[in-house]
Every structure is written in structure tokens, then in C-alpha cells.
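Okay, here's what each chain looks like letter by letter:
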Amino acid sequence: MHFSIDQWRAWAPGLEQESDWQAWSLQSSLPAASESLPDVNFLPAMQRRRLSPLARMAFSVAWPLADAHGTPLPLVFVSRHGETPRAFTLLSDVCAQAPLSPTQFSLSVHNAIIGQWSIMRGDTSEMTALAGEGDGLEHAVLEAQLLLAEGAPAVLLVIAEDTPPAAYAPWITDVPFPYAVALLLKPGQDWQLKLQACPPPENASSADTATAEWPHALNLVRALSGGVTTLEHRWRSRQWSWQQNSA
Amino acid sequence: MSDLQLEIKNLIIEALGLEDIGPDDIDADMALFGEGLGLDSVDALELGLAIQKRFGFKIDADAKDTRKHFANVASLAVFVSAQQAA
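Residues numbered from 1 in each chain as written. Chains lettered and ligands numbered in written order. Predicted model: local features only at pLDDT ≥ 70, side-chain atom pairs only at ≥ 80, totals over all residues. Heavy atoms only, no water.

**Brief notes about the packing of helix 1 (residues 3-15) of chain B against helix 2 (residues 41-55) of chain B**
Residues and elements named next belong to chain B.
- Two elements in contact, helix 1 and helix 2, have axes whose closest approach is 10 Å; the angle formed by their N-to-C orientations is 130 degrees. By the angle class used here, helix 1 and helix 2 are oblique. Crossing hand, helix 1 versus helix 2: right-handed. Here Leu4, Glu7, Ile8, Leu11, Ile12, Glu14 and Ala15 of helix 1 lie close against helix 2, whose contacting residues are Glu46, Leu47, Ala50, Ile51, Arg54 and Phe55.
- Split by residue class, the contact of helix 1 with helix 2 holds nine nonpolar, no polar and four charged. (Axes fitted to C-alpha atoms, helices over the stretch in contact; angles between N-to-C directions. Helix = DSSP H or I, 4+ residues; strand = E, 2+ residues; numbered from the N terminus. Parallel < 35°, antiparallel > 145°, perpendicular 65-115°, else oblique. Left-handed = near helix turned anticlockwise from the far one by under 90°. Contact = heavy atoms within 4.5 Å. Nonpolar A, V, L, I, M, F, W, Y, C, P; charged D, E, K, R; others polar.)

Next up, the structure:
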């Protein structure tokens, strides 16, 4: 499939501006862990208050791209783990036989963030929330590509992960720090993404839990900020090849 | 302003995440829902839960007076006092 990445934005602790990411793409060190949250002061306080850290990250990277494009703008949101902090709080309350917070309950579902996005932007375009595996980014690109093929002039793709509560540490090993990436995708030939079947790794369970040095979405950010033109990503039996075509 | 009114104002701010608002910004007779402070139906449920937890009594969500009790901070303080005395 072919498409253009018209604009992009990314956020991780300490990495907010394009220049931050350019510097990062040269040295590629892990961002320092911190409690910092992205700035969403472009929203009124009454709207901002119900945004989780995951939602704040998603909004902070996606909002400027949507502003630049204007509405309506279809959205594909993908997160492998979603609102684990909200889910964990609710489950803890269930265990303690305490009443559940209506706010936490209503916003713990996977599509809550796109619902908030649609309300706050006043945009009723088609919006999808996906939970992919380790190659969720590529599945989201496929979904966006289908919307472009149906005639959408542009599609906003947002991938975001928040640090899960400590109790999840034995199972969630692919979120070394919170991050979000937004891509404004348009029809075009700049990028090609190909999927090929490959033999699954011999030890599938170890491959499932393998800890990448940093999340795959940030490999794409590194490519975009550093002028890298090819990217290979293997997940289980799926081999994804990204190729930027020279102008 | 009574201590109970102040406690209820702080409970509203804390339970509903009103990060830019202080207790002085909420008048005791300011409407909490719709006009005034501008809270919505999810806030109503959340605030009901917070009041029950803090003051240790059950609120009947279907009782016809519940809406009246939640009109403003002053009416909530009267309601909480009455429940605590009961």
C-alpha cells in the first residue's frame, strides 16, 4: 500500500518538539523516566479535567495536526494496552468491594479517547479505536489506508501507550516509557508499506514478551526525523517493510 | 461560610478534578449543574459517590428531593447535616 505522511508529531517525557526528536534520532538514548505530562492547555479546564495521561498524550500530538488540516478528519487510534491505570483502579475497587467511580468506569473503555476527541473537536467523522499486538502501528496504517481508499482526503493516525501500573510488570514489557505519535496520512506515493509472511520464531512465547529497546512507533519517528528511508519490523509471522520513495 | 460548606467545596474540586478552581470561586448559592459551575450528569454521579464516601450515608438516587439537595453548596450542606443528625 502507498500513502504520504504529510505531517507528524510525537511526545515522550522530555521529547516534545521536532528539534528534540532530531537530536534524539542522532543519539537514540532512552528518554529519562519522569512524571511529566504533555501540555493540553489549548483545552478549557472543564474539558481537560477528564483526560487521562494517555488521552493527554494522544491529544497533545494529534490536536496541532487536526488544527492544521481542519475538520472533518477521520481518526484511527491504536493502543495495545489502553487505559490500564483506569482499569487497575476499577479492579482494585471491585476487590475492596468499594463503589466504582462513574468517571473511571465510563472512560475506561478502549474507545473513550476517540469519543472525547469527537466531542471536543465537534468532529463526527468516522473514528476507530484498535488494540493491536506488537505491530499495532502497521495495522492502524492499514485501517487508515482503507479510509483513504474510500475517498477520505486525509486520515489522522494516533498511537499511544501509557506506563502500566506496577502490577502489570510481569506481562507488559514493551512500554519502557509513555509515548504518543500522530501521523497525518494522505493519499500519495511517498511511503510504501508491504506485508510478507515469514516463519514464526521457534520460541513464540519468548518472542511475544521480547523487550524491544524502544517502542516500534519510535523507530518510525527516528526514520522521519533522521531521513532514514527503510524500516523492517517483524512480529510473529508478519514481516512489515516500510520504504520511503525518493522524490 | 460554614466549615461544612468549605469541606463540600473542596470535595467537589477534588472529586471532579477542577484543577483551575479554588473554594473561593464557588459561591454557596451558585448552581452546580447546567448554568453556574457547569457540571454535568457524570459529575452528579461522581459527586453523589464522593459525598456518600466522605460522610458515610446512602443517597437514594431516585428520591424526588435528591435533585433539590444537589442544587448548590448551601443546599448540600443542609442535606448532609440533616443526614448526619438522622
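So that's the structure; there's more coming.
**Quick word on the pairing of strand 6 (residues 230-235) of chain A**
All names here are of chain A.
- By the alternation rule, side chains of strand 6 split into Leu231, His233 and Trp235, which are all buried, and Thr230, Glu232 and Arg234, of which none is buried.
- Where strand 6 meets strand 7 (residues 238-244), six bridges bridge the pair, whose relative direction is antiparallel. Paired with Leu231 across the strands is Trp242, a residue of strand 7.
- Counted along the chain from strand 6 to the antiparallel partner strand 7, the turn is two residues long, and its residue Arg236 has a positive phi close to 50 degrees. (Buried < 20%, exposed > 50% of the residue type's maximum accessible area, 1.4 Å probe, protein only. Pairing = 2+ DSSP bridges.)

**Structural notes on the pairing of strand 5 (residues 179-197) of chain A**
Residues and elements named next belong to chain A.
- Across nine bridges, the pairing between strand 1 (residues 2-11) and strand 5 is antiparallel. Considered in strand 5, the bridge of Phe3 is made with Trp191.
- Of the strand pairs in this sheet, strand 5 and strand 7 are connected by seven bridges, and their pairing is antiparallel. Paired with Ala197 across the bridge in strand 7 is Arg238.

**Structural notes on the interface of chain B and chain A**
- With 15 residues of chain B at the contact, the number on the chain A side is 11 residues.
- Between chain B and chain A, roughly 1100 Å² of surface is buried when both sides are summed, and carbon and sulfur atoms account for 50% of that area.
- Interface area lost by chain B to chain A is led by Glu19, Glu46 and Leu49 of chain B, which between them contribute 38%.
- For the pair chain B and chain A, the number of links is six salt bridges.
- On inspection of chain B and its partner chain A, the count reaches nine residue pairs in polar contact (both at pLDDT 80 or more).
- Among the residues forming the side of chain B that touches chain A, the class breakdown is seven nonpolar, two polar and six charged. (Buried area = accessible area lost by both parts, 1.4 Å probe. Salt bridge = Lys/Arg side-chain N within 4 Å of Asp/Glu carboxyl O. Polar contact = N/O pair within 3.5 Å; in protein donor to acceptor, adjacent residues only side chain to side chain.)

**Here's the deal with the nonpolar core**
Residues and elements named next belong to chain A.
- If you look at the biggest cluster of nonpolar residues, it comprises 37 residues, and the most contacted ones within it are Phe3, Trp21, Leu183, Leu218 and Trp242.
- Elements with a minimum of two residues in this core: strand 1, helix 1 (18-27), strand 2 (75-78), helix 7 (136-149), strand 4 (155-161), strand 5, helix 9 (216-226) and strand 7.
- The contacts of Phe3, once residues within four sequence positions are left out, are Val141, Gln145, Leu148, Leu185, Lys186, Gly188, Gln189, Asp190, Trp191, Leu193 and Trp242. (Core = buried A, V, L, I, M, F, W, Y, C linked by side-chain atoms within 4.5 Å.)

**So, the side chain of Arg50 of chain A**
- As for its position among the elements, Arg50 of chain A is in the loop between helix 2 (45-48) and helix 3 (53-69).
- Overall, Arg50 of chain A belongs to the buried group, its relative accessible area being 18%.
- Within the local environment of Arg50 of chain A, its side chain forms a polar contact with the side chain of Asp43 of chain B, the two groups lying 2.7 Å apart.

**Comments concerning empty space enclosed by the protein**
Residue and element names in this part refer to chain A.
- Under the defined criterion, the tally for this structure stands at two cavities of 30 Å³ or more.
- Within this model, the largest cavity holds a volume of roughly 40 Å³.
- Looking at the largest cavity, the residues that line it are Ala58, Phe59, Ala62, Leu75, Phe77, Ile113, Ile114, Trp117 and Val158.
- Put simply, the parts of the chain that give the lining of the largest cavity at least two residues each are helix 3, strand 2 and helix 6 (112-121).
- Considering only residue class, the lining of the largest cavity consists of nine nonpolar, no polar and no charged.
- Taken together, Leu54, Phe77, Gly82, Glu83, Val109, His110 and Ile113 form the lining of the second largest cavity.
- Residue composition of the lining of the second largest cavity, by class: four nonpolar, two polar and one charged. (1 Å grid on protein atoms, 1.4 Å probe; cavity = no way out; pocket = protein on both sides within 12 Å on 5 of 7 lines; lining within 4 Å. Points joined across faces, edges and corners; volume = space filled by probe spheres on them.)

**Topic: the packing of aromatic side chains**
All names here are of chain A.
- Using the criterion set out here, one finds 11 aromatic pairs over all chains in the structure.
- Ring geometry for Phe42 and Trp63: centres 5.1 Å apart, planes at 25 degrees, overall stacked. Placement of the pair is Phe42 in the loop between helix 1 and helix 2 and Trp63 in helix 3, with a sequence separation of 21 residues.
- By relative accessible area, which is 38% here, Phe42 ends up partly exposed.
- By relative accessible area, which is 11% here, Trp63 ends up buried.
- Look at Trp191 and Trp242: their rings are 6.1 Å apart centre to centre, the planes differ by 80 degrees, and that puts the pair in the edge-to-face class. Here Trp242 lies in strand 7 and Trp191 lies in strand 5, a separation of 51 residues in the sequence.
- Accessibility expressed as a relative area gives 1% for Trp242, which makes it buried.
- Among the aromatic residues, ring-to-ring pairing joins Phe42, Phe59, Trp63 and Trp117 into one connected group. (Phe/Tyr/Trp six-rings, centres within 6.5 Å; stacked < 30°, edge-to-face > 60°.)

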